[in-house]
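What the coordinates show
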Amino acid sequence: MKEQYQQLLKRPLEAILHFSDVFSGPEVDFDAELTATFRNLGVLSDRPYFVGGNVHLAGYGAVLINDLSLERKRIAEKLNVPFAHKEDALCVILNTLPREGYRVEDAPNGRDFHLAITDQGVEIFAVPLATLSALESRNAIVALYRIPNAQIPLTDGMHEQFRSSIIALSRYQPEIFETVFEYETVEDMIRAKLYGMHPDVIPVQENEVEFAYSDRFGNVRLSVRDGERFLAQLGDLQYGDEVHIFVGKNEVMSAIYTDALADIPVGKTGLYQNVADISRTHRRAKYWELVKRSDHCLTDKEMAIDLLKKGNASSWGMPIRVEKK
């Protein structure tokens, strides 16, 4: 393990955030809850979030924490104010249960956890690797290590049923980690991907556009695999132009291409780039917002998520097509 990552793992812990299938439901709007805490430079604590067996939802949580970590630093520097635990580590546990993609006989007590270290220094303990897909698609993982079940410290990883409850403690014994890849910089990682030298062990987003998240107001976040290519495919799209949203062969809604929510007329649906993603030049994958402007969004039965549900496009990872009129 490179010295720079050994030093990261020596940091004291600020909090451990769990996105897991082991907790009681229902799912909550953790995006809003965590964003409010981070952006107000609030005090974090260990928090559990139920995500069922949904690798996409767990992965969205990981991207959110990584982005908010950068946002918090930016705000503190802009205001020139300190915040608690500035130099401490944030740990994220991603734990879902899908059995697809491996033989139970080969891993009778579950697949090995992996530790991913992000470009913001967030430590993410994940199983399966597919929970890291959204981060990998956004060039956000600079180091990845396998944690063999047989080597998990302080428990019998070959028989422990609740490995995620103790997996973060493995950060204190990094000698057990098996290096999958590690880079000194994001630029080194991107260069390795460009020249085909990066291990393709984490699946990346396959669909050009897919459903990523919806909040309690019915607003939808779409994940676009390649932001520049997406815009190029739409041609000479101008603000105010109408686009059509398809699920399979069925059109489920039209939307106005805008710059922000404020530019969407009341009662209309708009599509615009997530403002936090626009400046992230090292990312090809981007989030876009699909939002209906409504004065009664909590009771309106035709918000963006409701219209997608009519086309069965609110399932995580469901491919969506956007065309200019």
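Check the entry above for the structure.
Residues numbered from 1 in each chain as written. Predicted model: local features only at pLDDT ≥ 70, side-chain atom pairs only at ≥ 80, totals over all residues. Heavy atoms only, no water.

1. Some details on the sheet that holds strand E14 (residues 321–324)
Keep this limit in mind: Pairing between strands requires that DSSP locate at least two bridges from one strand to the other. By the criteria applied, helices consist of DSSP H or I runs no shorter than four residues and strands consist of E runs no shorter than two, each listed in order from the N terminus. Think of each axis as a best-fit line through the C-alpha atoms, taken over the contacting stretch in the case of a helix, with angles from 0 to 180 degrees between the N-to-C directions. Whether two residues are in contact is decided by their heavy atoms: any pair within 4.5 Å suffices.
Pairing is mixed across the open sheet formed by 7 strands, whose spatial order is E8-E9-E13-E12-E11-E10-E14. Of all strands in the sheet, those with a lone pairing partner are strand E8 (209–214) and E14, marking the two edges. Put simply, the sheet's adjacent strands are angled 35 degrees from each other on average, direction ignored. The strands that helix H3 (residues 55–79) touches are E8, strand E9 (220–224) and strand E13 (286–292); relative to E8, the one it contacts most, it runs at about 75 degrees.

2. Looking at unusual backbone geometry
With an omega of -5 degrees, the peptide bond between Val 127 and Pro 128 qualifies as cis. Within the secondary structure, Pro 128 is located in the loop between strand E5 (123–127) and helix H4 (133–137). Its identity is not glycine, yet Leu 41 carries a phi of approximately 55 degrees, on the positive side. The topology assignment puts Leu 41 in the loop between helix H2 (30–39) and strand E2 (47–50).

3. Some remarks on the side chain of Arg 47
In plain terms, the rule: The classification of residues rests on relative accessible area computed with a 1.4 Å probe and restricted to protein chains. Under 20% of the type maximum is buried, over 50% is exposed, and intermediate values are partly exposed.
As for its placement among the helices and strands, Arg 47 is situated in strand E2. By relative accessible area, Arg 47 is classed as buried at 13%. Sequence-distant contacts of Arg 47, that is, excluding residues within four places in its chain, are made with Ile 16, Leu 17, His 18, Glu 33, Leu 34 and Thr 37.

4. Describing the nonpolar core
Nonpolar side chains tend to gather and get buried jointly when the protein is soluble and globular. Selection criterion: For the purposes of this section, nonpolar cores are sets of buried Ala, Val, Leu, Ile, Met, Phe, Trp, Tyr and Cys residues that join through side-chain atoms within 4.5 Å.
If you look at the biggest cluster of nonpolar residues, it comprises 59 residues, and the most contacted ones within it are Phe 19, Phe 30, Ile 124 and Leu 132. For this core, the leading source of residues is H3, giving 8 residues. In this structure Phe 19 touches Phe 30, Leu 34, Tyr 49, Val 51, Ala 58, Gly 61, Ile 65, Val 92, Ile 93, Leu 94 and Asn 95, once residues within four positions along its chain are discounted. Formed by 24 residues, the second largest nonpolar core is a distinct cluster that contains Met 253, Ala 304, Leu 307 and Val 322.

5. A closer look at the sheet that holds strand E6 (residues 141–147)
In spatial order, the strands read E2-E1-E3-E5-E4-E6-E7; together these 7 strands make up an open sheet with mixed pairing. Of all the strands in the sheet, just E2 and strand E7 (178–182) have a single pairing partner and so form its edges. Each adjacent strand pair in this sheet contributes to an overall mean axis angle of 15 degrees, direction not counted. Here strand E3 (residues 89–95) runs beside E5; their pairing, made up of 5 bridges, is parallel. Among the inter-strand pairings, Ile 93 is bridged to a residue of E5, identified as Phe 125. Contacts between H2 and the sheet are confined to strand E1 (13–20), E2 and E3, with E2 contributing the most and set at about 155 degrees to the helix. The sheet contacts of H3 involve E1, E3, strand E4 (113–118) and E5, and relative to E3 the element is tilted by about 170 degrees.

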